[in-house]
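A closer look at the structure
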Amino acid sequence: MSDYFVGLISGTSMDGIDAVVVRFGDHSLDVAATCSYSYPESLRTELLAAIRAPLDVELDSDRALHRRVGECFRDAALKVIKRSECGQHELRCIGSHGQTLRHQPDIDEPFSLQIGDADIIAEGTGLPVIANFRQADISAGGQGAPLVPPFHQWLFRSDRHDRVVVNIGGIANITVLPASNELVTGFDTGPGNGLMDAWIRQHRGDPYDANGEWAASGTVDEALLLQMLQDPYFATVAPKSTGFEYFNPAWLARFGLHNLKPADVQATLCELTARTIAADIARAAPNCDEIFICGGGAHNQNLMQRLSQNIPETKVESTATVGLDPDWVEAIAFAWLAMRTQNNETGNLPSVTGASQKVVLGELHSP
């Protein structure tokens with residue numbers, strides 16, 4: 001019998017669900033199927049409104065969103081399982097990250113809220129589901145994020161090269177993988193695609209800037225960029241994590257953008273993402289040999305060019321170069337974390353999250 005795992009995630013861009021079916025070997029993997037499942041536009045609109053103004057969301061609406069997102073995750077799981085042609089006996093469990101609505105690791109009573117009813121996924125698929133991955137790390141004093149660095153370490157670490165893996169979703173994060181036995185580190189650098197997505201949606205009605213073409217048509221406003229770079233988050237020492245509840249349209253509005261050309265703002269936001277990632281790599285991994293990009297940002301040609309310009313001494317490439325499509329790294333990571341949990345193995349890295357100890361992540365929901 002083969003042990004296949006399903007991984008499900010919707011990131012901070014909220015454009016839909018990434019789903020994979022994957023089998024893990026000894027620091028290797030075999031992907032049986034992948035698929036993207038788009039949220040209905042009405043649901044995405046409600047989700048975006050919920051993270052922009054969380055205090056306006058009533059309890060009934062919150063629970064309804066939890067159920068509706070769970071139904072979408074269930075349908076995404078069924079779709080990718082069908083595509084994989086795996087039999088039910090070959091599937092061990094589902095790792096569902098869910099959809100983050102709030103991530104507040106630094107308040108007096110820290111929490112991270114992911115919705116997407118795991119019981120609906122379990123009942124609909126007949127498979128056990130591991131969900132709510134972040135809370136155990138937060139309970140141990142950690143940030144609850146980022147959680148993908150342990151998977152990056154397992155798959156991408158090299159004995160010969162100091163590597164950095166950069167995941168660019170709505171928020172960007174880095175994983176520093178020394179070739180030596182030094183600790184793996186990582187943290188959220190700040191905005192990834194999220195601010196660019198919000199800006200182009202506001203001004204052109206597009207969900208994202210395809211290939212960064214709109215940003216490429218504009219000119220970076222250096223004065224605006226310097227203002228943005230003064231935000232305290234960028235100077236905060238790791239461990240640290242953030243989300244759309246911080247870097248969002250309200251954050252942008254503080255800079256008074258009315259007199260600027262929208263394309264120039266988009267170019268500036270693209271440069272902000274590139275420059276903050278590059279600065280953090282320079283601080284955290286000044287001697288790295290290789291940089292690999294995953295997430296949607298890997299397809300933004302303008303962003304990739306800006307990263308290369310800001311890190312001229314090191315080649316910047318997609319994770320496809322080392323054998324894994326950049327679109328599926330996070331979904332596979334949560335399938336891997338689900339495997340760890342089912343095996344009663346720890347899934348966090350205290351050197352990344354700041355937790356007091358390694359812990360087993362997630363909660364089991366049985367069908």
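Residues numbered from 1 in each chain as written. Predicted model: local features only at pLDDT ≥ 70, side-chain atom pairs only at ≥ 80, totals over all residues. Heavy atoms only, no water.

1. Thoughts on empty space enclosed by the protein
One way to see where empty space is left: roll a probe the size of a water molecule over the atoms. Overall, the coordinates contain 2 cavities of 30 Å³ or more when judged by the stated rule. What the largest cavity holds in volume is close to 330 Å³. Along its surface, the largest cavity is lined by 28 residues, and Thr12, Thr100, Arg134, Ile171 and Thr242 are the ones closest to its centre. Among the secondary structure elements, those contributing two or more residues to the lining of the largest cavity are strand S1 (4-10), strand S4 (91-104), strand S5 (111-115) and strand S8 (171-177). Top element by residues in the lining of the largest cavity is S4. It accounts for 4 residues. A class-by-class count of the residues in the lining of the largest cavity yields 10 nonpolar, 14 polar and 4 charged. Considering only enclosed or pocket space, the second largest cavity measures out at about 40 Å³ in volume. As for the second largest cavity, its lining consists of Thr12, Ser13, Arg44, Leu48, Gly194, Asp197, Ala198, Arg201 and Phe244. Among the secondary structure elements, those contributing two or more residues to the lining of the second largest cavity are helix H1 (41-52) and helix H6 (194-204). (1 Å grid on protein atoms, 1.4 Å probe; cavity = no way out; pocket = protein on both sides within 12 Å on 5 of 7 lines; lining within 4 Å. Points joined across faces, edges and corners; volume = space filled by probe spheres on them. Helix = DSSP H or I, 4+ residues; strand = E, 2+ residues; numbered from the N terminus. Nonpolar A, V, L, I, M, F, W, Y, C, P; charged D, E, K, R; others polar.)

2. Concerning the environment of serine 10
Mapping serine 10 onto the fold places it in strand S1. Along the chain, serine 10 and glutamine 99 lie 89 residues apart, while their C-alpha atoms are 5.4 Å from each other. Those residues in contact with serine 10 that sit more than four places away from it in its chain are Gly16, Ile17, Tyr39, Phe73, His97, Gly98 and Gln99. A polar contact of 2.9 Å, which involves the side chain of serine 10, links it to the backbone oxygen of glycine 16. (Contact = heavy atoms within 4.5 Å. Polar contact = N/O pair within 3.5 Å; in protein donor to acceptor, adjacent residues only side chain to side chain.)

3. A look at the pattern of salt bridges
This structure, assessed with the given rule, holds 13 salt bridges. Note that aspartate 3 and arginine 92 form a salt bridge whose closest N and O atoms lie 3.9 Å from each other. Placement of aspartate 3 in the segment before S1 and of arginine 92 in strand S4 is noted, with a sequence separation of 89 residues between them. Given a relative accessible area of 24%, arginine 92 falls into the partly exposed group. Aspartate 280 is the partner of arginine 283 in a salt bridge, and the nearest nitrogen-oxygen pair spans 2.7 Å. Taken together, the positions of arginine 283 and aspartate 280, both in helix H11 (residues 262-284) and 3 residues apart, correspond to about one turn of that helix. Residue class for aspartate 280 comes out buried when judged on its relative accessible area of 5%. Salt bridges sharing partners connect three or more residues here, namely Glu222, Glu271, Arg275 and Arg306. (Salt bridge = Lys/Arg side-chain N within 4 Å of Asp/Glu carboxyl O. Buried < 20%, exposed > 50% of the residue type's maximum accessible area, 1.4 Å probe, protein only.)

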